[in-house]
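Chains, contacts and geometry: an overview
Residue-level listing of the chains:
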Amino acid sequence: PVRLFRSPIVLLAALALVAGPAAVVTAQSPSPSAGTAVPFTGRIDFGECAEGTTEIVDGVTRTRGEVCDPQVLEMSDPRLDGDVTVHSDFDVYPDGLTLIRWAFRIENDGGTWQQSPTLTVQYPDGTFSTATIMLTGEGGYEGLTAVAAAPVINDIWILDGLIFEGEVPSHTTDPSPAPQA
């Protein structure tokens, strides 16, 4: 079975710097008001995965429908703590390059956060590209958006981001170049 996010790089010093003291936040974080953003940090362990279906097409191993149950190790904002599920699809090329499309879902008593699917590259040397993730609030978190850098170190996502009211700018569907001045 292919194990996603297995990094051979041992960066204990970097992890210790990012993780800091293992303080648990129990107070409700302030809700962002219009025009403000609330910073957050967190660490989520990749957890165990149920394999999806795998087939080989033109030398590329394609896995679809893998589901993982990560564990929140710590989260500075309790609104982002809770039960996490990750759904992923990935393609492993003959040279070891892997393209991973994945999305978190975090659920707790206050509401739900759904991540927009994100593409991450795992290079043949085992290193990963750094994803920027966007989570949209649902239920009690309706109207909130969380955006974070999410590098992977030793099977742990290290989140560093912001929660804000509203949505991120939408992308343009017009592929034509911008008008020249």
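Structure shown above.
So, a few notes on the structure that sits alongside this text. None of these values were measured; they are calculated from a predicted model.

A few points about the overall build of the protein
Across its full length, the protein carries 1 helix and 11 strands. The order of α-helices and β-strands along the protein, N terminus first, is α-β-β-β-β-β-β-β-β-β-β-β. Counting over 181 residues, the protein shows a buried share of 38%. Across the protein, contacts joining residues at least 24 apart in sequence account for 54% of those joining residues at least 6 apart. Split by element, the accessible area of the protein, about 10,100 Å² in all, is 56% carbon and sulfur.

Quick look at the nonpolar core
Counting 29 residues, the largest nonpolar core has Phe40, Trp102, Phe104, Trp113, Ile133, Trp157 and Leu159 as the members making the most contacts within it. Mapped by element, the contributors of at least two residues to this core are strand 1 (37-50), strand 3 (60-75), strand 4 (83-92), strand 5 (98-108), strand 8 (131-139), strand 9 (144-150) and strand 11 (156-165).

Some remarks on the environment of Thr63
Position of Thr63 relative to the elements: it lies in strand 3. For Thr63, a relative accessible area of 4% translates into the label buried. Residues Thr63 and Gly52, spaced 11 residues apart in sequence, show a C-alpha to C-alpha distance of 6.0 Å. Not counting the four nearest positions on each side in its chain, Thr63 is found in contact with Gly52, Thr53, Thr54, Asp89, Phe90 and Asp91. Separated by 3.0 Å, the side chains of Thr63 and Thr54 make a polar contact.

Considerations on the side chain of Thr145
Looking at where Thr145 falls in the secondary structure, it is placed in strand 9. Polar contacts involving the side chain of Thr145 include one to the main-chain carbonyl oxygen of Gly166, which spans 2.4 Å.

A few points about the layout of surface pockets
Within this model, the second largest pocket holds a volume of roughly 150 Å³. Around the second largest pocket sit Met134, Thr136, Gly137, Glu142, Gly143, Leu144, Thr145, Gly166, Glu167, Val168 and Ser170, which together line it. The leading source of residues in the lining of the second largest pocket is strand 8, at 3 residues. For the lining of the second largest pocket, a count of residues per class yields 3 nonpolar, 6 polar and 2 charged.

Some details on the packing of aromatic side chains
Evaluated as defined, the whole model comprises 5 aromatic pairs. Centre to centre, the rings of Trp113 and Tyr141 are 5.1 Å apart; their planes meet at 20°, and the pair counts as stacked. Of this pair, Trp113 sits in strand 6 (residues 111-115) while Tyr141 sits in the loop between strand 8 and strand 9, and the two are 28 residues apart along the sequence. Classification of Tyr141 by relative accessible area gives buried; the value is 8%. One aromatic cluster in this structure is built from Phe46, Trp102, Phe104 and Trp157.

Quick look at unusual backbone geometry
Trans is the prevailing form of peptide bonds, just as negative phi is the prevailing case for residues other than glycine. The residue Asp58 is not glycine, and still its phi comes out positive at about 50°. Position of Asp58 relative to the elements: it lies in the loop between strand 2 (53-57) and strand 3. For Asp58, a relative accessible area of 77% gives the class exposed. Positive phi, close to 50°, is recorded for Asn154, a residue that is not glycine. With respect to the element layout, Asn154 can be found in the loop between strand 10 (152-153) and strand 11.

Here's the deal with the side chain of Arg79
You can see Arg79 is positioned in the loop between strand 3 and strand 4. Of the polar contacts made by the side chain of Arg79, one reaches the side chain of Asp77; its length is 2.6 Å.

Cut-offs and rules
- Residues numbered from 1 in each chain as written.
- Predicted model: local features only at pLDDT ≥ 70, side-chain atom pairs only at ≥ 80, totals over all residues.
- Heavy atoms only, no water.
- Helix = DSSP H or I, 4+ residues; strand = E, 2+ residues; numbered from the N terminus.
- Buried < 20%, exposed > 50% of the residue type's maximum accessible area, 1.4 Å probe, protein only.
- Contact = heavy atoms within 4.5 Å.
- Areas by Shrake-Rupley, 256 points an atom, 1.4 Å probe, with all protein chains shown as cover.
- Core = buried A, V, L, I, M, F, W, Y, C linked by side-chain atoms within 4.5 Å.
- Polar contact = N/O pair within 3.5 Å; in protein donor to acceptor, adjacent residues only side chain to side chain.
- 1 Å grid on protein atoms, 1.4 Å probe; cavity = no way out; pocket = protein on both sides within 12 Å on 5 of 7 lines; lining within 4 Å.
- Points joined across faces, edges and corners; volume = space filled by probe spheres on them.
- Nonpolar A, V, L, I, M, F, W, Y, C, P; charged D, E, K, R; others polar.
- Phe/Tyr/Trp six-rings, centres within 6.5 Å; stacked < 30°, edge-to-face > 60°.

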